[in-house]
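Residue-level structure breakdown
Each chain, letter by letter, is given below.
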Amino acid sequence: MAQRVVLAYSGGLDTSIAVRWLMENHGVEVIAVAVDVGQAADSKNEDWDAIRKRALAAGAIEATVIDARAEMAEDFCMPALLANAKYEGKYPLVSALSRPVIVRHLVAEARRHGASAVAHGCTGKGNDQVRFEVGTRALAPDLEVIAPARVWGLTREDSIEYAAKWDIPLSVTKEKLYSIDENLWGRAIECGVIEDPWNQPPADVYTMTRPTAVEPTEVVIGFESGIPVSVDGRQLSPELLIAEVNRVVGSYGWGRLDMVESRRVGIKSRETYECPGALALLLAHADLEDLTLERDLLHEKARLEPRWSELVYDGLWFSPLKQALDAFFVESQRHVTGEVRLHLEPGQCFVVGRRSPIGLYDHGLATYDATDTFRHQDAEGFVRLWGLGVATWSAKQVAPTRGDAPQGGGD
Ligand code: ARG
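These numbers come from a predicted model, not from an experiment.

Considerations on the side chain of Thr136
Assignment of secondary structure puts Thr136 in helix H5 (residues 128–139). Setting aside chain neighbours within four positions, we find Thr136 in contact with Val103, Val107, Val118, Pro141, Leu143 and Val145.

Below you can see the structure in the form of structure tokens.
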């Protein structure tokens, strides 16, 4: 029996010809696996049946479509939200979160079909190859990973010719101007005119954030232990909640990012993203933490968050440090329960209110009015001792260098 390879299949040109290329160059049987992580979240849903048929027409012995939307939302987007994850302080890790979901399914399918390798369609210049391969090595070190697009050396024209030669049907979409990757957490747009970082992204790159709403509105997000559970009082699963926030916030044209990003492989790239739901939920979640987390915990967590984002960006979803940080973040969220009011108007989304039954905001302590419960007399001694160290330093070490006579330290 020929060896088997499980290919991460998207239905596009590259993965379609990869089916035949693997058969020809490795003499293997190909099992195509397409994973639905919420692509086309702008609601013109992918035609999964057509994608499956295309894989079979390209030569795959079997083609499977796996609905991983709920898993993507619960096991990948939610931990990212708890970690307030934004790579380089901006990018909410859209593609970096979907690759480990896909890897999980590739490995499971490889086991089910007795395959000896998995394959993906990434080139050698991006982060996604790193995520596929490092992820696979973590879950199944015995599986080989094959990356046809890294070795075949085909231009786009060559690929189209290759497809024609083998009668591989292609999707009938118009000439693709951009490289798009999309899931529930957002959409990444690369290539074409935006490869020049000076060029403004043309309006046609955006689909999730096309402004249609004009009347300002408010959306209330409810959280339980850091997890968003409701929108305007309506209880929703993570998958449906993310989709709903994408829809509402996106309709105000908010949630776009334009950045130069530092890839793991050493390349700076110009990236355009639209992540209305992710960015709005991150905004609301972090705001509720300000209300509910004790100061030291809040600050220490903020120090660890960029590390988590880097690990996940770099393909280390399945790794011990990332796992340990997850445990810390889950523990930190015990009291992150409450509601956040988001105000929406064209091009804007901001927090206008937050409340929690277990928030640390104490009106009696904070107020300047007559209901004040703060013990003012405690402040004087506290501040004096707080400043004692610097007062001593100043007297003994700074004053002499100014030529002043040394003075007694402190009180
Ligand atoms: N630069 C982003 C990342 O590494 C997005 C990559 C998405 N891929 C694409 N074909 N547009 O996570």
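Anyway, onward from the coordinates.
Considerations on a nonpolar patch on the surface
A surface patch of nonpolar side chains, about 420 Å² in accessible area, is lined by Phe382, Val383 and Trp386. Looking at the secondary structure, you find Val383 in helix H13 (residues 376–386).

Brief notes about the site of the ligand
Close contacts around the ligand come from 14 residues, with Tyr91, Asn127, Arg131, Ser179 and Glu261 the closest. Arg131 places a side-chain nitrogen or oxygen 2.9 Å from an oxygen atom of the ligand. Look at the ligand: alone it shows 340 Å² of surface, and the protein chains cover 90% of it. Only helix H4 (94–112), H5, strand S6 (179–183), strand S7 (186–190) and strand S12 (268–274) provide two or more residues apiece to the shell around the ligand. Classifying every residue of the shell around the ligand gives five nonpolar, three polar and six charged.

Some remarks on the environment of Ser159
Secondary-structure assignment places Ser159 in helix H7 (residues 156–165). Given a relative accessible area of 2%, Ser159 falls into the buried group. Here the alpha-carbon distance between Ser159 and Pro320, two residues 161 residues apart in the chain, equals 40 Å. Beyond its immediate sequence surroundings of up to four residues, Ser159 is in contact with Leu13, Asp14, Ile17 and Leu154.

Parameters at a glance
- Residues numbered from 1 in each chain as written.
- Predicted model: local features only at pLDDT ≥ 70, side-chain atom pairs only at ≥ 80, totals over all residues.
- Heavy atoms only, no water.
- Helix = DSSP H or I, 4+ residues; strand = E, 2+ residues; numbered from the N terminus.
- Contact = heavy atoms within 4.5 Å.
- Patch = residues over 30% accessible without salt bridge, like charges linked within 9 Å, V, L, I, M, F, W, Y side chains within 5 Å.
- Areas by Shrake-Rupley, 256 points an atom, 1.4 Å probe, with all protein chains shown as cover.
- Salt bridge = Lys/Arg side-chain N within 4 Å of Asp/Glu carboxyl O.
- Near = heavy atom within 4 Å.
- Polar contact = N/O pair within 3.5 Å; in protein donor to acceptor, adjacent residues only side chain to side chain.
- Nonpolar A, V, L, I, M, F, W, Y, C, P; charged D, E, K, R; others polar.
- Buried < 20%, exposed > 50% of the residue type's maximum accessible area, 1.4 Å probe, protein only.

The values reported here are purely geometric and, on their own, carry no functional implication.
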